[in-house]
Amino acid sequence: MPQAGLKTIIALSFVLAVGFLLVILSCALWHAYYPLLVVATYVMAPVPNWICSHCANPDDFVESSGAAVLDLGRFCTGFLVVMGLALPMILAHSGIIEVPAMIMSVIGGLLIYGTIISFAMFFQEEQEF
Amino acid sequence: MEEERLWKFRKPEWLNSVWARNAGVYGAGGLFSAAFYTLLDSAVWSKSAANSSSVHVTFVDWLPFIFSTLGMLIINSVEKARLSSDSFSYSGSGVAWKARVVLFLGFAALAGGMAGGVTVFVLKFVVPSVAWPAMNMGVENVVANALVGLSTVVLWVSQNIEDEYAYNLAL
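Residue numbers here run from 1 along each chain, matching the order of that chain's written sequence. Just so you know, chain letters begin at A and ligand numbers begin at 1, following the order they were written in. Where local features are concerned, this predicted model is filtered to residues with pLDDT of at least 70; where side-chain atom pairs are given and counted, the filter is 80 or more; whole-chain, interface and lining totals use all residues. Side-chain numbers here rest on the full set of heavy atoms in the structure, without hydrogens or water.

A closer look at the interface of chain B and chain A
Basically, it comes down to this: We call two residues in contact whenever any of their non-hydrogen atoms come within 4.5 Å of each other. When two components associate, each loses some accessible surface as probed by a 1.4 Å sphere; the sum of these losses over both components is called the buried area. When a carboxyl oxygen of Asp or Glu lies within 4 Å of a side-chain nitrogen of Lys or Arg, that pair is called a salt bridge. Here a polar contact is taken to be a pair of N or O atoms separated by no more than 3.5 Å, where protein atoms must pair a possible hydrogen donor with a possible acceptor and residues adjacent in sequence count only if both atoms sit in side chains. Labels follow the DSSP assignment, with helices taken as runs of H or I lasting at least four residues and strands as runs of E lasting at least two, numbered in each case from the N terminus. Under the grouping applied here, Gly and all other residues not named as nonpolar or charged are polar, the nonpolar ones being Ala, Val, Leu, Ile, Met, Phe, Trp, Tyr, Cys and Pro and the charged ones Asp, Glu, Lys and Arg.
Between chain B and chain A, the contact holds 30 residues from the first and 19 residues from the second. Buried area between chain B and chain A, both sides added, is near 2,000 Å², and the carbon and sulfur share of it is 63%. Counting across the chain B and chain A interface gives one salt bridge. Between B:Arg21 and A:Asp71 there is a salt bridge, and its shortest N-O distance comes to 3.3 Å. At the boundary of chain B and chain A, one finds seven residue pairs in polar contact (both at pLDDT 80 or more). Counting residues per element, the ones that place at least two in the side of chain B that touches chain A are α1 (18–47) and α4 (132–170) of chain B. When grouped by side-chain class, the residues that make up the side of chain B that touches chain A number 16 nonpolar, eight polar and six charged.

Looking at the environment of A:Ile96
Topologically, A:Ile96 is positioned in the loop between α4 (65–93) and α5 (99–128). Separated by 64 residues in the primary sequence, A:Ile96 and A:Ala32 have C-alpha atoms spaced 7.8 Å apart. For A:Ile96, the contacting residues outside a window of four places in its chain are A:Ala32, A:Tyr34, A:Leu91 and B:Val44.

Quick word on the packing of α1(B) against helix α2 (residues 59–77) of chain B
Residues and elements named next belong to chain B. Heads up, the rule is: Lines fitted to C-alpha atoms define the axes, with helix axes restricted to the stretch in contact, and inter-axis angles between N-to-C directions lie between 0 and 180 degrees. By definition in this entry, angles of less than 35 degrees are roughly parallel, angles greater than 145 are roughly antiparallel, angles of 65 to 115 are roughly perpendicular, and the rest are oblique. In this scheme the crossing of two helices becomes right-handed for a clockwise turn of the near helix relative to the far one and left-handed for an anticlockwise turn of less than a right angle.
It is at 11 Å that the axes of α1 and α2 come closest, and there the two elements cross at 170°. One finds that α1 runs roughly antiparallel with respect to α2. α1 and α2 meet at a crossing whose hand is left-handed. Contacts from Phe32, Ala35, Phe36, Leu39, Leu40 and Ala43 in α1 reach Asp61, Trp62, Phe65, Thr69 and Met72 in α2. Classifying every residue of the contact of α1 with α2 gives nine nonpolar, one polar and one charged.

Digging into the UniProt feature "transmembrane region" (unreviewed entry) in chain A
All names here are of chain A. Where we set the bar: UniProt positions are given in the numbering used here, feature names are shortened, and annotations may be inferred rather than shown by experiment.
Here the UniProt feature "transmembrane region" (unreviewed entry) sits at residues 9–33, 72–91 and 103–123. Measuring from the first to the last C-alpha atom of residues 9–33 gives 29 Å, for a span that is 80% helix and 0% strand. Helix makes up 100% of residues 103–123 and strand 0%, with an end-to-end C-alpha separation of 30 Å.

In structure tokens:
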């Protein structure tokens, strides 16, 4: 894993801006602002992991209650990530938003979530030193 | 551990890693989310302008999913280590028996949910021979319950991986 330099931060913020651009365009072009929910979903996605990692005691290997709390956080995070993909599909299937808006908001949401994940990875790598 | 092994084939080594276990738990969450949003899709489509038929999703369509979810919650709340209590001396006071009863209830709820999904599909959509775009709501009901079952299996297997991992670490 390379050290998180200035170039990485610039590239990540660029990708984040492109993701937000896609999502907002998918809302504004068709005057249906439901795809903005995708942004909220992906911003919420790492939160259960973060909360449960603070609740659990990772040194507790004998009694696996600590691992159970961690697993609950991972389960909720997986739930929210797939929710971000599923919401535009539901809206497009029922004709509430258009199909191009669905594609744009899905791609934009994936870009936003990828930025959040890679930022967290770089940040964790720095913490270990 | 080697003498207690029941099966001829051992688990592959990569299955015992933390990575595989975490991926399994994330995948289980994703599968459950897919199940929930498949059912929500049928409900939203039922009330939208795209639905021109007179068939609508009601509480009856949600009931099998509620039972499946309840079963999943029960199954994955049981502490797996208590099931094999014949090798543990400290949990002899009927804990394994209780765990098996609770687990049986969980599996019954899960299978009941799946059977209920098929029942709703047959009684509400196949027998009145609903036309195809509305038939999709019944298919999605069956798919959602199957996905909950799949999610339960994935979560169960990955939690068993966790036990093996802890055992390897304790050595």
